[in-house]
Amino acid sequence: MALDIESIRDDFPILNRRLPNGKKLVYFDNAATSQKPQCVIDAMSEYYSEYNSNAHRANHTLADEATTALEEARNSISSYFGTSPDQMIYTSGATEAINLVSFGWARENLEEDDVVVITEMEHHADIVPWQQLSKEKGIEVRYVPIDTNSFTLDMQAFEVAVEGAALVCVVHTSNVLGIRNPIERIVEISHSNNARVLLDCAQGAPHERINFDDSGVDFVAVSAHKMGGPTGIGCLLVKKDAMDQMGPFMTGGSMIKTVSTNGSTFQEGHAMFETGTPRIAEAIGWGAAVDWLDKFDMVQVHSHINKIASWTAEKISEIDGITVYGDPTRQDSSGAVSFLHDSIQSQDLSILLDEGGFAVRTGHHCAQPLMDALGVPSTNRASFWIYNTMEEAESFVEHLSYVVERFSTS
Ligand code: PMP
């Protein structure tokens with residue numbers, strides 16, 4: 001059955017918003033964060049108004065309800081990602097999940113001169129932790145370049161870089177270019193070189209159903225907030241044998257078994273990595289988001305988004321002075337259209353678009369090495385999700401054409 005976009009839109013109250021200037025909101029900043037369906041807002045508000053309490057501590061009714069809801073959310077989320085609750089560690093988002101690999105696994109298992117392979121396409125969240133580890137432990141960080149004609153990863157360079165590597169960290173889908181990397185090949189090549197693989201799925205998970213167990217990947221980092229869930233929560237999915245090699249990251253309450261003045265002992269499995277009061281409302285909200293998303297066929301969702309993105313990219317590249325970075329017309333591209341105008345500064349352009357009601361992002365998108373490779377300091381980026389429509393894309397192209405006609409000096 002085809003996606004019913006109008007009824008999907010009805011689930012998102014914010015999509016009816018008008019901006020202070022009276023313009024109807026057209027939200028094209030989904031790669032920064034998606035909007036939230038009413039069921040997510042309700043689930044979080046119900047927790048606060050009906051059973052707000054701490055989890056995994058007291059025995060009273062509210063504490064029991066909060067603990068059950070937190071763990072039921074873990075069941076829903078891990079099952080959505082094709083794995084068991086034991087393999088899932090709640091984090092504050094993809095950033096903390098990647099730091100957890102760096103602190104919890106890499107600091108325990110890597111030594112001076114061990115190699116971590118990353119790519120020029122990574123978000124800063126998957127660059128800086130490895131640079132810091134390099135400073136501290138003397139590991140070598142190898143960067144795989146992108147081919148700036150096709151905007152894809154240079155797989156020949158990847159095959160060379162992976163030789164002798166201990167860990168490969170790759171973004172599933174670029175938040176700037178919308179390009180999906182050839183993950184299956186990357187995993188195969190990495191594992192045949194005995195390297196573990198960390199996949200940054202912050203941008204991939206809202207566009208494709210990730211099956212962790214089937215993927216063979218060792219670590220997967222996800223954020224909830226780009227897939228309809230709240231901010232402040234995400235997870236790290238970890239293969240059992242990799243989790244067995246991990247040591248504690250943040251220490252304190254909840255992650256301990258015993259504490260005495262002589263020292264402490266720690267919980268085992270995922271509980272060792274969940275320190276302090278859990279993000280209970282956020283976990284419940286994320287659980288509601290995956291239950292909502294589970295109703296849809298993600299292949300259909302992807303093709304709906306891909307259709308809007310490729311049409312938009314084609315149309316705006318016909319506008320005088322606009323250059324599109326990346327190739328949103330590729331079938332595997334996931335709905336981020338990065339572009340620049342040759343005489344209207346990106347910041348000015350985004351303000352002019354906002355005046356028409358269009359929310360797009362401007363900046364380096366936390367991917368400065370990629371900006372360097374593209375030879376630009378920033379881009380404007382329109383990014384789409386399940387509730388966006390072709391009509392919105394048409395009005396965007398129309399408004400952008402008007403802005404360029406009116407303000408271009410080229
Ligand atoms: N990786 C990618 C590809 C991203 O797009 C983002 C968020 N923009 C992150 C990592 C970091 O996610 P978060 O800020 O939710 O931790």
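Residues numbered from 1 in each chain as written. Predicted model: local features only at pLDDT ≥ 70, side-chain atom pairs only at ≥ 80, totals over all residues. Heavy atoms only, no water.

### Thoughts on the overall build of the chain
Quick note on the threshold: The helix and strand labels rest on DSSP assignments: H or I over at least four residues marks a helix, E over at least two residues marks a strand, and numbering proceeds from the N terminus. When accessible area is computed with a 1.4 Å probe and restricted to protein chains, residues below 20% of their type maximum are described as buried, those above 50% as exposed, and intermediate ones as partly exposed. Here a residue-residue contact requires only that any non-hydrogen atoms of the pair lie within 4.5 Å.
Within the chain, the secondary structure is distributed over 14 helices and 17 strands. Projected onto its principal axes, the C-alpha coordinates of the chain cover approximately 70 × 55 × 40 Å. Scored against the burial criterion, the 410 residues of the chain give a buried share of 55%. Relative to all contacts within the chain whose residues are 6 or more apart in sequence, the contacts with residues 24 or more apart total 71%.

### Digging into the pattern of salt bridges
To keep things clear, this is the line we draw: For this document, the term salt bridge refers to a Lys or Arg side-chain nitrogen within 4 Å of an Asp or Glu carboxyl oxygen.
The full count for this structure, using the stated rule, is 17 salt bridges. A salt bridge links aspartate 218 to arginine 196; the nearest nitrogen and oxygen atoms lie 2.8 Å apart. Within this pair, whereas aspartate 218 is found in the loop between α8 (212–215) and β9 (219–223), its partner arginine 196 is found in strand β8 (residues 196–200), the two being separated by 22 residues in sequence. Here the two residues aspartate 218 and arginine 196 agree in accessibility, since each one is buried. Across the pair arginine 209 and aspartate 294 runs a salt bridge whose closest N-O atoms are separated by 3.0 Å. Here arginine 209, found in the loop between β8 and α8, pairs with aspartate 294, found in the loop between α10 (280–293) and α11 (298–317); they are 85 residues apart in sequence, far enough to count as distant. You can call arginine 209 partly exposed: its relative accessible area is 37%. Via salt bridges that share partners, Arg196, Asp218, Lys239 and Asp241 belong to a single interconnected network.

### A look at the site of the ligand
Condition: We call a residue near a molecule or strand as soon as one heavy atom of that residue lies within 4 Å of the molecule or strand. Any N or O atom pair separated by 3.5 Å or less is treated as a polar contact, with the protein-specific requirement of one donor-capable and one acceptor-capable atom, and with residues adjacent in sequence counted only for side-chain atom pairs. Note that accessible areas follow from Shrake-Rupley with a 1.4 Å probe, and for residues the cover is restricted to the protein chains shown.
Inspection of the region around the ligand gives Gly93, Ala94, Thr95, His123, Ala125, Val171, Asn175, Asp200, Ala202, Ser223, His225 and Lys226 as its neighbouring residues. In this structure, serine 223 approaches the ligand through a side-chain N or O atom, which is 2.6 Å from an oxygen atom. Histidine 225 has a polar side-chain atom sitting 2.8 Å from an oxygen atom of the ligand. Contact with the protein chains removes 86% of the 390 Å² of surface that the ligand exposes when unbound.

### With respect to the domain arrangement of the chain
Often the size quoted for an interface is simply the accessible area lost on bringing the parts together. The condition that has to hold: Segment limits for the domains were obtained from an automatic or database-derived domain assignment. What gets called buried area is simply the loss in accessible area from a 1.4 Å probe that two parts show on being joined, summed for both. Each residue receives one of three labels: charged for Asp, Glu, Lys and Arg, nonpolar for Ala, Val, Leu, Ile, Met, Phe, Trp, Tyr, Cys and Pro, and polar for the others, Gly being one of them.
Segmentation of the chain into domains returns domain 1 (5–30 + 297–407) and domain 2 (41–293). Measuring from the centre of the C-alpha atoms in domain 1 to the corresponding centre in domain 2 gives 28 Å. Domain 1 puts 31 residues into the contact, and the matching count from domain 2 is 31 residues. Roughly 2500 Å² of surface becomes buried between domain 1 and domain 2 when both sides are summed, with 63% attributable to carbon and sulfur atoms. The largest share of the area that domain 1 buries against domain 2 comes from Met298, Leu370 and Trp385, three residues that together contribute 25% of it. Our count for the contact surface shared by domain 1 and domain 2 stands at 0 salt bridges. The tally of links from domain 1 across to domain 2 stands at 12 residue pairs in polar contact (both at pLDDT 80 or more). Looking at the side of domain 1 that touches domain 2, the elements with two or more residues in it are α11, β14 (336–341) and α13 (368–374). With 6 residues, α13 is the single largest residue contributor to the side of domain 1 that touches domain 2. Considered class by class, the residues forming the side of domain 1 that touches domain 2 number 17 nonpolar, 9 polar and 5 charged.

### Describing a negative patch on the surface
Put simply, the test is: For patch detection, residues must exceed 30% relative accessible area and be free of salt bridges, and they are connected within 9 Å for like charges or within 5 Å for nonpolar side chains (Val, Leu, Ile, Met, Phe, Trp, Tyr). Positive charges come from Lys and Arg alone, negative charges from Asp and Glu alone, with His and the N- and C-terminal ends not counted. Just so you know, the charge point we use is NZ for Lys, CZ for Arg, CG for Asp and CD for Glu.
Side chains of Asp4, Glu6, Asp10, Glu391, Glu394 and Glu398 sit close together on the surface and give a patch of like negative charge. Breaking the negative patch down by element, the ones donating at least two residues are α1 (5–10) and α14 (390–407). Per-element tally for the negative patch: the top contributor is α14, with 3 residues. As for its position among the elements, glutamate 394 is in helix α14.

### Describing helix α4 (residues 94–109)
Put simply, the rule reads: Helix span is expected to be 1.5 Å times the residue number reduced by one.
Its 16 residues give α4 an end-to-end C-alpha distance of 21 Å, which sits within 8% of 22 Å, the value for a rise of 1.5 Å per residue. For α4, a buried count of 12 out of 16 residues is recorded, marking the element as mostly surrounded by other parts of the structure. Among all positions of α4, only Ala94, Glu96, Ala97, Ile98, Asn99, Leu100, Val101, Ser102, Gly104, Trp105, Ala106 and Arg107 are buried.

### So, the packing of aromatic side chains
Definition in use: Pairing of aromatic rings covers Phe, Tyr and Trp, the last counted by its six-membered ring, and requires centre-to-centre distances within 6.5 Å; plane angles under 30 degrees mean stacked, over 60 mean edge-to-face, and any other angle means tilted.
In this structure the tally under the stated criterion is 16 aromatic pairs. Plain terms: the ring middles of phenylalanine 28 and phenylalanine 396 are 5.4 Å apart, the flat faces sit at 75° to each other, and that makes the pair edge-to-face. Of this pair, phenylalanine 28 sits in the loop between β1 (26–27) and α2 (38–51) while phenylalanine 396 sits in helix α14, placing them 368 residues apart in sequence. Like phenylalanine 396, phenylalanine 28 is buried. The rings of Phe12, Trp292, Phe296, Trp385 and Tyr387 are connected pair by pair, giving a single aromatic cluster.

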